[in-house]
Amino acid sequence: MLTLKQSRRLNTLVVGLFAWAIALLLFFPIFWMLLTSLKTEIDAFATPPQLIFTPTLENYLQIQDRSGYFKYAWNSVTISFGATALGMLIAIPAAYSMAFYETKRTKGTLLWMLSTKMLPPVGVLVPIYLLAKQFGMLDSRAVLIIIYTLINLPILVWMIYTYFKDIPRDILEAARMDGATLMQEMVRVLLPISKGGLASTMLLSLILCWNEAFWSLNLTSSNAAPLTALIASYSSPEGLFWAKLSAVSTLACAPILIFGWISQKQLVRGLSFGAVK
Amino acid sequence: MADLKVHNLKKSFDGNDIIKGIDLDIRDREFVVFVGPSGCGKSTLLRLIAGLEEVSSGRIELDGRDITDVSPAKRDLAMVFQTYALYPHMTVRKNMSFALDLAGADKQEVARKIEAAARTLELEPLLERKPRQLSGGQRQRVAIGRAIVRNPKVFLFDEPLSNLDAALRVQMRLELSRLHQELQATMIYVTHDQVEAMTLADKVVVLNGGRIEQVGSPMELYHNPANLFVAGFLGTPKMGFLKGRASRVEASGCEVELDAGCRLFLPVSGTTLNAGDPVTLGIRPEHLNRGSEGNCQLTVKADVSERLGSDTYCHVVTGNGEQLTMRIRGDFTPRYGESLSLTLEAAHCHLFDSNGVAVGQSLQLAA
Amino acid sequence: MATSSAALPKAPVTESAGEPSERKPRRFGPSWFLVSPSVALLLLWMLVPLSMTVYFSVIRYNLLYPGENDFVGLENFHYFLTDAGFMPGIVNTLILVGSVLLISVVLGVLISALLEAADFAGRGIVRVMLVSPFFIMPTVSALVWKNLIYHPVSGILAAVWKFFGAQPVGWLAQHPLASIVIIVSWQWLPFAILILMTAMQSLDQEQKEAARLDGAGPIAIFWHLTLPHLARPIAVVVMIETIFLLSVFAEIFTTTSGGPGYASTNLAYLIYNQALLQFDVGMASAGGLIAVVIANIAAIILVRMLGKNLTEKY
């Protein structure tokens, strides 16, 4: 018979082993991508796949020459930041008024906003494509910024709303008694208090924009194509360069992966529309 | 000068009437306390005066100027919130100067005012701290300081002491009293705690169900409650009530026959009662006496007793099941279930008619 | 549907006062003009393209034959519904959504329960590794799986099969839909783990201790305490994943292009194919509307089920 202490230790050991095994399995594709990015093309294609090889940074050095990586990365950055900034600008006032001036319709409005997320993109693909074409915005960053702002708006409003809901009304009322105008109340009291929540909302928006791959694939070709589209282009025969594909992919995913790791706790709130904190 | 007048003020939320027509006159330098059970509308009334809620109908005047539609900031009022509502991202100094900064006041003037307020409230060593580094009592003082520096016509307090522990509450109560003396300002104070109301107020406004039950000095209210609600609300332990009937009505008073089984003559003047009308007699614990010397003797059964050392609150039940509390000087503990005799001091009894309205004026008047 | 009037602050209700109702200038309610940009934009975003889709769906409209935009009634719907790709598209969509939901919820609950079961060494790292795939962009995960893992010659799976003496499988060619289900599950299982793990941490420890004193074992605790506590987060996972899974696109686009045949074509890919590869705007629009209807059925069911759950806390 095991003592209580021994059985607890055994329990921890077994649980730990299982958890590590599952984690390694799920993480393996990412690890393998990183590994492949350090191989030569020949090593990358070897059968059986090699675990031990001479690492090289050659793929990373060639990325810019082979695929014009920085143009795509720059597109991803401007589109993501543009849509995030625009989205925050529109969402903050809406969340503010719904959190602090709640009316009978507020809940309905929030749910309606959520329901717009249910509109499948394919349902509006054709008209959006034709409208973009009509206005000469096909393959432009502006059109992606506008669309990303709109598709992320409900999530931003919800997430900011739940953060604002945690702020005691009294503080804003005190500011009002102190003579703050609506603008001063928001800029000098509300925003400084909720900067943590707003920062994680922005991170979530950046992640969603960065990884979006329906509109970017359908509406861009070369000028405005972000990294998602660059990588999709590797599915063509050109994609036989696995080591380079892996290097590009690693570079494209690294920043978001790091953002995600940093803010996973706070992202839960936004991704679950405030239902899980 | 700060004269606040409220005319027929009403407020409803989504069709529910919260404030049902209030008229009130608050004079310069008065310390007015709104008191009542939770949900009576006292906080709403304060917020209406502050301008944080929109008035449904009625008028609010400050020094003759109609401020009903004026924004909160321009009403020349300052408010201390129950939760203190300090700005968590600002230092104590910044918290206090915020209103003045927004108004674009002269920097040196602002600094001078903050120094003065900090000295009054003993906040000087804390000026550079953030609110989260302060204790509850210190936060409370910062909240008051924030109001003081604005030099408002009227100070509004919304249950400011309810988040403090008991000892601190007593201390802050004294400090508030002192502050009122020093500042000579008009103050309106909301509380559900009748001890705060009695000890702080020049004038108490008792609210219930969105209406004013009675307005007066603490002693007026204590000795001459206008109705059963006020009588039962003020005073600890509560006033005891006995049901009965007016058996004889004269110009000099009225004889009451209690259901509990005795008869006594009350010297109340100007009654509108007729013989035979049902009445309720109210008597405070300190006006019940042990023994059989007196004109209305009741035999009661002892319930539990609360011994405080200086006094004993002895809960008793009359023969017909009515409950009374008796205050006895010193330490006295009847056995549970023991029979006791007690008498009522007729001069200190309150009489209420079937609508709960006080009958006539008790002859024993406020000091 | 809420319009911008949804944001109007409550009008002062003074039926009793007998005062003229004109009296209130809106002093304290800035709410309507703060909400209306969001509401107006989302309304535009829904209504303009959607009404265009409705219009296109009843006319003949092919970008290859401009000018012939006659009204054709429901002909486009007829063609779309009888298209060889339609049934496979619907079935594949349902299989994809259903199996990914099942996999991510069941495994998600088990894995997050495992993580909470003991404080083993490196739990923080394990957690980070488990949620990582969610942050990988869809095109990258599709291509990494296609080339590095599924590849019948040089992929990892081929090596594993050979190691056990089996014939390597051409995953994407022979089992295209199952392969895509695995890729998509790999992306969304971490999402379920992320949400459920956080939710599990908010389970009251005292409740667990009380249950333990009452004699409940780990399995009884999981069944009677943990699972009921997870009802709401699971609902959230189902709702969010359904939204995204109904329109899986990039994973199919970069791996199988819907093939072979229609074996891995879902509704989203079918419509894309119709519109941007065959330029048949009319038929694609009809398909788009059908996708909207399906999404709305799902949405109505989900919002009915979960909507109250989401807002009641506030």
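About the cut-offs
- Residues numbered from 1 in each chain as written.
- Chains lettered and ligands numbered in written order.
- Predicted model: local features only at pLDDT ≥ 70, side-chain atom pairs only at ≥ 80, totals over all residues.
- Pairing = 2+ DSSP bridges.
- Helix = DSSP H or I, 4+ residues; strand = E, 2+ residues; numbered from the N terminus.
- Contact = placed C-beta atoms within 7 Å.
- Axes fitted to C-alpha atoms, helices over the stretch in contact; angles between N-to-C directions.
- pLDDT = per-residue confidence, 0-100.
- Nonpolar A, V, L, I, M, F, W, Y, C, P; charged D, E, K, R; others polar.
- Core = buried A, V, L, I, M, F, W, Y, C linked by C-beta atoms within 7 Å.
- Buried ≥ 20, exposed ≤ 12 C-beta atoms within 10 Å, placed from the backbone.
- Expected span 1.5 Å × (residues − 1).
- Domains from an automatic or database assignment.

Observations regarding the sheet that holds strand E2 (residues 16–26) of chain B
Residue and element names in this part refer to chain B. If you walk across this open sheet you meet the four strands as E2-E1-E4-E5, and the pairing is antiparallel. Sheet topology places E2 and strand E5 (65–66) at the edges, where each strand pairs with a single neighbour. As paired strands, strand E1 (residues 4–13) and strand E4 (residues 57–62) are joined by five bridges and run antiparallel to one another. Bridge pairing in E4 places Val-6 opposite Ile-60. Running over the sheet, helix H1 (residues 42–50) touches E1, E2 and E4 and is turned about 65° from E2.

Focus on the environment of C:Asp70
Residues and elements named next belong to chain C. Of note, Asp-70 is situated in the loop between helix H1 (31–57) and helix H2 (75–82). The spatial distance from the C-alpha of Asp-70 to the C-alpha of Val-58 is 8.6 Å, given a sequence separation of 12 residues. When near neighbours in sequence (up to four residues on either side) are disregarded, Asp-70 contacts Ile-59 and Arg-60.

Digging into the confidence of the model for chain C
When pLDDT is low, close inspection of the predicted coordinates is not appropriate. All names here are of chain C. With 87% of its residues at a pLDDT of 70 or more, chain C shows a mean pLDDT of 80. The model gives residues 1–28 a pLDDT under 50, and that stretch makes 53 contacts with residues more than four places away or in other chains. This complex was scored by the predictor with a pTM of 0.80 and an ipTM of 0.85.

Regarding unusual backbone geometry
All names here are of chain B. Following Thr-236, the chain continues to Pro-237 via a peptide bond in cis, the omega torsion being -15°. Along the chain, Pro-237 falls in the loop between helix H8 (228–233) and strand E11 (240–250). Here Tyr-84, not a glycine, exhibits a phi torsion of approximately 70°, which is positive. Along the polypeptide, Tyr-84 turns up in the loop between strand E6 (77–80) and helix H2 (92–102).

Focus on the interface of chain A and chain C
Accessible area lost upon the coming together of the parts serves often as the stated size of an interface. Contacts between the two partners involve 88 residues from chain A, matched on the other side by 93 residues from chain C. A total of 16 residues in the side of chain A that touches chain C trace back to one element, the largest contributor, which is helix H1 (residues 4–37) of chain A. Residue composition of the side of chain A that touches chain C, grouped by class: 61 nonpolar, 21 polar and six charged.

What to know about the environment of B:Val304
All names here are of chain B. Its location among the elements puts Val-304 in strand E16 (residues 297–307). It is 45 Å that separates the C-alpha atoms of Val-304 and Leu-86, two residues lying 218 residues apart in sequence. Every residue in contact with Val-304, bar those within four places of it in the chain, is listed here: His-315 and Tyr-336.

Description of the nonpolar core
Of all hydrophobic cores here, the largest spans 275 residues; its most connected members are A:Ala95, A:Ile160, B:Leu156 and C:Ile195. No other element matches helix H7 (residues 141–165) of chain A, which puts 18 residues into this core. Not counting chain neighbours up to four residues away, the residues in contact with A:Ile160 comprise A:Ala91, A:Ile92, A:Ala95, A:Gly197, A:Leu198 and A:Thr201.

Observations concerning helix H10 (residues 195–211) of chain A
In an α-helix, one full turn covers 3.6 residues, which means residues spaced three or four apart are oriented alike. For H10(A), built from 17 residues, the straight-helix expectation of 24 Å at 1.5 Å per residue is met to within 8% by its first-to-last C-alpha distance of 24 Å. Taken across its 17 residues, H10(A) has 12 buried, putting it largely inside the fold. The secondary structure elements touched by the buried residues of H10(A) are helix H4 (69–100), H7, helix H9 (182–193), helix H12 (227–232) and helix H13 (242–271) of chain A together with helix H5 (138–149) of chain C.

Here we look at the pairing of strand E3 (residues 31–35) of chain B
All names here are of chain B. Taking burial as the measure, the five residues of E3 include five buried ones, the bulk of the element. Residues Phe-31, Val-33 and Val-35 line one face of E3 and the alternating positions Val-32 and Phe-34 line the opposite face, and both faces are buried. Examined bridge by bridge, E3 and strand E8 (residues 186–191) share five bridges and lie parallel to one another. Of the residues in E8, the one forming a bridge with Val-35 is Thr-191. Bridge analysis of E3 against strand E9 (residues 203–208) gives four bridges, and the strand direction is parallel. Counted as the bridge partner of Phe-34 is Val-205 from E9.

Examining the domain arrangement of chain B
Residue and element names in this part refer to chain B. What the domain assignment lists for chain B is domain 1 (4–231) and domain 2 (233–352). Summarising the inter-unit geometry, the C-alpha centres of domain 1 and domain 2 are found 38 Å apart. Contact residues are listed per partner, giving 10 residues for domain 1 and eight residues for domain 2. Among the secondary structure elements, those contributing two or more residues to the side of domain 1 that touches domain 2 are helix H7 (218–223) and H8. By residue number, the principal contributor to the side of domain 1 that touches domain 2 is H8, which donates four residues. Of the residues belonging to the side of domain 1 that touches domain 2, the class tally is eight nonpolar, two polar and no charged.

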